Amino acid sequence: MEKIRLIEVKEEIQADNKAKAEALRNRLTADKTFLLNLMSSPGAGKTTLILRTIEALRNDLRIGVIEADIDSMVDAEKIARTGITAVQLRTGGFCHLDASMVERGLEGLDLASLDLVIIENVGNLVCPAEFDTGAIKNAMILSVPEGDDKPLKYPLMFTVCDVLLINKTDYLGLSDFDVAVLRKRVLRLNSRITIFEVSAKTGQGIGEWAQWLKKEVDEFRFS
Amino acid sequence: MHELPVTESILKIVLQHAPADSVSKIVRIFLEVGELSDLEDEWIQRYFDYLSKGTIAEKAELVIQRIPITFQCDACANTFEIKREALQDLQCPECGNMECKLVSGKGYYIKSMEVV
């Protein structure tokens, strides 16, 4: 019988994606284009929040959108109706975006003429948390109907995000969602995260969020 | 759910590390997976069995070891391990501070492999 030998590999499985994400960030820095990766469960309000954000910032920033969808164009069409350029990425069953998919999406946009590109990632709280997209900041939405226990079930997502938007606050009175409990749970996982309470439907809280985002984009572009 | 692309990368990397002139078969692959990562061991193996057909890695066994979650305290710099179930009560066991930074417990690595 042949002798079994041990070979040291010592490689990070995602090294390829990480290198691509890093290269993408360098390119975005050179182009002064801020890339925001927006993640959430399906139905948490990503598209509506993007529409509100466009509405709030379109006079101050030149915005583009990359829409990831498993197999439809519905969201990209909604964005395109605002006159903002939206690139649709069909992920064909893929549960997340990685840096090379985002790179492909960016090919459809003229980066040098954009200040902010928002990626609407695939609706999912698990997989997108694991893949660096090359974004400058990661944002997530948790909507009130989903419940305040999500940080317990999907801790990784809450640890990789720079900002959390608690959306659908107009449902608060109808649910047992406890904002204070949620905040405590999230801050234990990630004490650096910035939290906003918004309703993309009524527009409540959108001003504060848009102001924060504008400041982040400006700091990135002019630093 | 993202086991498939992860498994594709595993296969690619192990084949790169197994030169055809000196390795006839990969028998076992030792992986390290962060406790915070939601990867299912069983599915990684199933995808691997499927993807590796016809390669020298066919029928290789994947041995998965979990990397514990560790945080570092912002106040006293103490590094400590914490179980996934205990994350909601996270605080520094030394000084009681609740502002801590994740140090390890995510990501996936290929440590080594047994070959003939």
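Anything mentioned here points back to the structure above.
Residues numbered from 1 in each chain as written. Chains lettered and ligands numbered in written order. Predicted model: local features only at pLDDT ≥ 70, side-chain atom pairs only at ≥ 80, totals over all residues.

What is the right way to look at the overall build of chain B in this model?
Counting its regular elements, chain B contains two helices and six strands. Across chain B, helices and strands are ordered from the amino to the carboxyl terminus as α-β-α-β-β-β-β-β. Relative to the compact-globule value of 13 Å for 116 residues, chain B shows a C-alpha radius of gyration of 18 Å, a clear excess of over 25%. If you line up chain B on its principal axes, its C-alpha atoms span 55 × 30 × 15 Å. Put simply, 73% of the contacts in chain B that link residues at least 6 apart link residues at least 24 apart. (Helix = DSSP H or I, 4+ residues; strand = E, 2+ residues; numbered from the N terminus. Rg over C-alpha atoms; globule rule 2.2 N^0.38 Å. Contact = placed C-beta atoms within 7 Å.)

How should helix H1 (residues 3–16) of chain B be read in this particular structure?
With 14 residues, H1(B) should reach 20 Å at 1.5 Å per residue; the first-to-last C-alpha distance of 20 Å fits that figure. Along H1(B), the positions that sit buried rather than exposed are B:Glu3, B:Val6, B:Thr7, B:Ile10, B:Ile13 and B:Val14. Seen along its axis, H1(B) keeps its buried residues to an arc of 125°; they face one direction. Elements in contact with the buried residues of H1(B): strand S1 (5–12) of chain A together with strand S1 (26–34), helix H2 (41–51) and strand S6 (108–115) of chain B. (Expected span 1.5 Å × (residues − 1). Buried ≥ 20, exposed ≤ 12 C-beta atoms within 10 Å, placed from the backbone. Arc of directions from axis to C-beta.)

Can you walk me through the interface of chain A and chain B in this structure?
Interface size is commonly expressed as the accessible area that is lost once the parts come together. In this assembly, 27 residues from chain A lie in contact with 33 residues from chain B. Of all the secondary-structure elements, those providing two or more residues to the side of chain A that touches chain B are S1, helix H6 (155–160) and helix H7 (179–189) of chain A. If one sorts the elements of the side of chain A that touches chain B by residue count, S1(A) sits on top with eight residues. Sheet analysis places S1(A) next to S6(B), joined by six bridges and oriented antiparallel. Within S6(B), the residue paired with A:Glu8 across the bridge is B:Ser112. (Pairing = 2+ DSSP bridges.)

I keep staring at the sheet that holds S6(B) and nothing clicks. Help me out?
Neighbouring strands of a sheet are bound in pairs by backbone hydrogen bonds; such pairs are parallel or else antiparallel. Across the sheet, four strands lie side by side as S1(A)-S6(B)-S1(B)-S2(B); this open sheet has mixed pairing. Two strands bound the open sheet, and with one partner strand each, they are S1 of chain A together with strand S2 (61–67) of chain B. Ignoring strand direction, the axes of neighbouring strands in this sheet form an average angle of 20°. (Axes fitted to C-alpha atoms, helices over the stretch in contact; angles between N-to-C directions.)

Looking at this structure, how should I read the sheet that holds strand S4 (residues 85–90) of chain A?
Residues and elements named next belong to chain A. Pairing is parallel in the open sheet, where seven strands are placed in the order S4-S3-S5-S2-S6-S7-S8. Among the strands making up the open sheet, the edge pair consists of S4 and strand S8 (194–197). Ignoring strand direction, the axes of neighbouring strands in this sheet form an average angle of 20°. In this sheet, strand S5 (residues 116–120) lies alongside strand S3 (residues 63–69) in parallel orientation, the contact comprising five bridges. Each bridged residue has a counterpart across the sheet, and for Glu67 the counterpart in S5 is Glu120.

Explanation requested: the nonpolar core in the structure shown.
Side chains of a nonpolar character, in soluble globular proteins, are inclined to be buried together. A:Leu36, A:Ile118, A:Ile119, A:Met157 and A:Leu165 are the most contacted members of the largest nonpolar core, which has 73 residues in total. Excluding residues within four positions of it along the chain, A:Met157 makes contact with A:Met39, A:Leu125, A:Ala129 and A:Met140. Residues B:Val14, B:Leu31, B:Tyr47 and B:Ile110 belong to the second largest nonpolar core, which totals 21 residues. (Core = buried A, V, L, I, M, F, W, Y, C linked by C-beta atoms within 7 Å.)

Can you help me understand helix H4 (residues 99–106) of chain A in this one?
In an α-helix, one full turn covers 3.6 residues, which means residues spaced three or four apart are oriented alike. Residue and element names in this part refer to chain A. Within the sequence span of H4, burial applies to Ala99, Met101, Val102, Gly105 and Leu106. Projection of H4 onto a plane perpendicular to its axis shows the buried side chains occupying an angular sector of 160°, all on one side. Contacts from the buried residues of H4 go to helix H1 (15–31), S3, S4 and S5.

Teacher, can you tell me more about the pairing of strand S4 (residues 79–82) of chain B here?
Where a strand is regular, its side chains alternate between the two sheet faces. Residue and element names in this part refer to chain B. Examined bridge by bridge, strand S3 (residues 69–73) and S4 share four bridges and lie antiparallel to one another. Within the sheet, the bridge partner assigned to Phe71 lies in S4 and is Phe80. Here S3 folds back onto S4, and the loop between the two strands holds five residues, one of which, Ala77, carries a positive phi near 70°.

Would you mind showing me how to read the packing of helix H2 (residues 46–57) of chain A against helix H8 (residues 206–222) of chain A here?
The geometry of a pair of packed helices is captured by two quantities: the angle between their axes and the separation between those axes. Residues and elements named next belong to chain A. Relative to each other, H2 and H8 sit at 70°, their axes nearing to 10 Å. Relative to H8, H2 is oriented roughly perpendicular. For the crossing formed where H2 meets H8, the hand is right-handed. Where H2 approaches H8, its residues Arg52, Thr53, Ala56 and Leu57 are matched on the opposing element by Ile206, Gly207, Ala210, Leu213 and Lys214. Partitioning the contact of H2 with H8 into residue classes produces five nonpolar, two polar and two charged. (Parallel < 35°, antiparallel > 145°, perpendicular 65-115°, else oblique. Left-handed = near helix turned anticlockwise from the far one by under 90°. Nonpolar A, V, L, I, M, F, W, Y, C, P; charged D, E, K, R; others polar.)

Looking at this model, I keep getting lost on the environment of A:Phe94. Mind explaining?
Tracing the backbone through its elements, the reader meets A:Phe94 in the loop between S4 and H4. Residues A:Phe94 and A:Thr47, 47 residues apart in the sequence, show an inter-C-alpha distance of 19 Å.

Help me out: how do you make sense of unusual backbone geometry in this one?
Most peptide bonds are trans, and most residues other than glycine sit at a negative phi. Residues and elements named next belong to chain A. A positive phi is found at Lys32, a non-glycine position, where the angle reads about 55°. The exposure class assigned to Lys32 is partly exposed, which follows from the 15 C-beta atoms found within 10 Å. If you check the backbone angles, Lys168 has positive phi at about 65° while not being a glycine. Mapped onto the secondary structure, Lys168 falls in the loop between strand S7 (163–167) and H7. Given 26 C-beta atoms within 10 Å, Lys168 falls into the buried group.

Shape is all these values report; function is a separate question.
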